[in-house]
Amino acid sequence: MPLSIQHLTSTKQLTRADTDAILKESAKMEAVVAKGGSDLLKGKILASLFYEPSTRTRLSFEAAMLRLGGDVITADGLQFSSLYKGETIEDTIMVAAQYADIICMRHPEQGSADQAAAISPVPFINAGDGPGQHPTQALLDLYTISKERKKVDGIHITMVGDLLYGRTVHSLSFLLGLYKDVKFTLVSPKELKMPEKVTSFYKERSIEFTETENLEDGLDADVIYMTRVQKERFENKDDYERLKLKYILEAKHVKDRDITVLHPLPRVGEISTDVDALPNAAYFRQVQNGVFVRMALLAMLLQKS
Ligand code: NCD
């Protein structure tokens, strides 16, 4: 089924029909990988533009393209790019579109993805725009939730950590808003609370949410989504040092509970390594799911699914 969109910059663009189709296609991609890949995107090129640090997202997009028989060209690091020389985002995208059939971009500025999508003659995917959105992460989170919990409607999710600057929790909140009876517990220090753009969305949709500063208040949920305090967004480094490890999830918090632990990664201490061996720990499975979801998106946006 084709998507209702040509470019993906925000989870707010997606309909429930879109997410249903993406989840279904992702499951098919899992089978494709198990069979050794395919040549569905043979002859197609992905331009992978990363102007902000990334390991997972970039490798995941590139692995997804390669698993489908496509090719990848990469630009990495703002200081090595024409953007650094003063080229506009619009020109960078127009140039990349002359080389490639589809573009993904990570950029430190919120709104850069919309700028890129507005001009791109080929499908464009936002791979993270500053503290704005990270829609493909949210889709892989959704896919992971649906696999681990066998449902999405009715789930109770606790989000922990840097809810202010963490783009993944913003994108995932909007996406879960498409499902019935989803409930949020938001655990953060006062300084890093979920921004108004998200809480006003919960209110508009009459989505139940509770804000607290205590990790223990969030343990009675189906999913706990831990996040890293986003060092690179802080102007004052002392604030970062003070807030960085306010919440550390340990095995003792989750071992006797039916709660799935997610994290977009990288973790920098928020989940103790003693959680890794527990069946609750789904964050490495979440990474693997990312490839299937990005394969699905690349194929669907290139109208090849
Ligand atoms: C996240 C991101 O870049 O927003 N990482 C990722 O894409 N897997 C989360 C983070 O950097 O903390």
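Residues numbered from 1 in each chain as written. Predicted model: local features only at pLDDT ≥ 70, side-chain atom pairs only at ≥ 80, totals over all residues. Heavy atoms only, no water.

*Asks:* Just checking my understanding: could you explain the overall build of the chain for this structure?
*Replies:* From N to C terminus, the chain includes 11 helices and 9 strands. For 305 residues, the compact-globule formula gives about 19 Å, and the C-alpha radius of gyration of the chain, at 19 Å, lands near that figure. With respect to the principal axes defined by its C-alpha atoms, the chain has extents near 50 × 45 × 40 Å. Every one of the 305 residues in the chain was classed for burial, and the buried ones make up 56%. Sequence separation of at least 24 residues holds for 72% of the intrachain contacts in the chain that already meet a minimum separation of 6. Carbon together with sulfur atoms contributes 49% to the accessible area of the chain, which is approximately 13,200 Å² in total. Averaging the locations of the 38 positively and 42 negatively charged side chains of the chain gives two centres separated by 4 Å. (Helix = DSSP H or I, 4+ residues; strand = E, 2+ residues; numbered from the N terminus. Rg over C-alpha atoms; globule rule 2.2 N^0.38 Å. Buried < 20%, exposed > 50% of the residue type's maximum accessible area, 1.4 Å probe, protein only. Contact = heavy atoms within 4.5 Å. Areas by Shrake-Rupley, 256 points an atom, 1.4 Å probe, with all protein chains shown as cover. Lys, Arg positive; Asp, Glu negative; His and termini not counted. Charge placed at Lys NZ, Arg CZ, Asp CG, Glu CD.)

*Asks:* Looking at this model, I keep getting lost on the site of the ligand. Mind explaining?
*Replies:* Taken together, the residues surrounding the ligand are Arg56, Thr57, Arg106, His134, Gln137, Arg167, Thr168, Arg228, Gln230, Pro264, Leu265 and Pro266. Thr57 places a polar side-chain atom, nitrogen or oxygen, 2.9 Å from an oxygen atom of the ligand. Protein coverage of the free-state accessible area of the ligand, which is 320 Å², stands at 94%. Those elements that provide at least two residues to the shell around the ligand are α2 (56–67) and α7 (167–176). Along the lines of polarity and charge, the residues of the shell around the ligand split into 3 nonpolar, 5 polar and 4 charged. (Near = heavy atom within 4 Å. Polar contact = N/O pair within 3.5 Å; in protein donor to acceptor, adjacent residues only side chain to side chain. Nonpolar A, V, L, I, M, F, W, Y, C, P; charged D, E, K, R; others polar.)

*Asks:* In this structure, what is going on with helix α6 (residues 135–149)? I would like to understand it.
*Replies:* An α-helical turn contains 3.6 residues, so a residue and the one three or four places further along point in the same direction. End to end, α6 covers 21 Å across 15 residues, agreeing with the expected 21 Å (1.5 Å per residue, within 8%). Of all 15 residues in α6, 13 are buried, a share of seventy percent or more. Looking at the residues trailing α6, positive phi occurs at Lys150, about 65°. (Expected span 1.5 Å × (residues − 1).)

*Asks:* I tried to follow the packing of aromatic side chains on my own but got confused; where do I start?
*Replies:* Between two aromatic rings, the relevant description is the distance of the centres plus the angle of the planes. Counted under the stated rule, the structure contains 6 aromatic pairs. Relative to Phe201, the ring of Phe174 has its centre 4.9 Å away and its plane inclined at 90°; by these criteria the two rings are edge-to-face. Linking Phe174 in helix α7 with Phe201 in helix α8 (residues 196–204), this pair joins segments that are 27 residues apart in sequence. Phe174 sits in the buried class, given a relative accessible area of 6%. Judged by its relative accessible area of 3%, Phe201 falls in the buried class. Ring plane angle 65° and centroid distance 5.7 Å describe the contact between Phe234 and Tyr240, whose orientation is recorded as edge-to-face. Judged by relative accessible area, which is 8%, Tyr240 ranks as buried. Among the aromatic residues, those joined into a ring-pair cluster are Tyr165, Phe234 and Tyr240. Here the guanidinium or amino end of Lys12 rests over the ring plane of Phe174, the centre of that ring lying 4.6 Å away. (Phe/Tyr/Trp six-rings, centres within 6.5 Å; stacked < 30°, edge-to-face > 60°. Lys NZ or Arg CZ within 6 Å of the ring centre and 35° of its normal.)

*Asks:* Could you clarify how one ought to interpret the sheet that holds strand β3 (residues 102–107) in this entry?
*Replies:* The strands that make up a sheet pair up through hydrogen bonds in the backbone, lying either parallel or antiparallel. Overall, parallel pairing links the 4 strands, which are arranged β2-β1-β3-β4 in an open sheet. The open sheet is flanked by β2 (71–76) and β4 (124–129), the only strands paired with a single partner. Averaged over all adjacent pairs, the angle separating strand axes in this sheet is 15°, with direction ignored. As paired strands, strand β1 (residues 45–50) and β2 are joined by 6 bridges and run parallel to one another. Note on β2: the bridge partner recorded for Ala47 is Ile73. Packing of helix α4 (residues 89–99) onto the sheet brings it into contact with β1, β2, β3 and β4, and relative to β3 it is tilted by some 145°. (Pairing = 2+ DSSP bridges. Axes fitted to C-alpha atoms, helices over the stretch in contact; angles between N-to-C directions.)

*Asks:* Would you mind showing me how to read the side chain of His134 here?
*Replies:* Relative to the helices and strands, His134 resides in the loop between β4 and α6. With relative accessibility at 3%, the residue His134 sits in the buried group. Not counting residues within four places of it along the chain, the set of residues in contact with His134 comprises Thr57, Arg106, Ala127, Gly128, Arg167, Thr168, Ser171 and Arg294.

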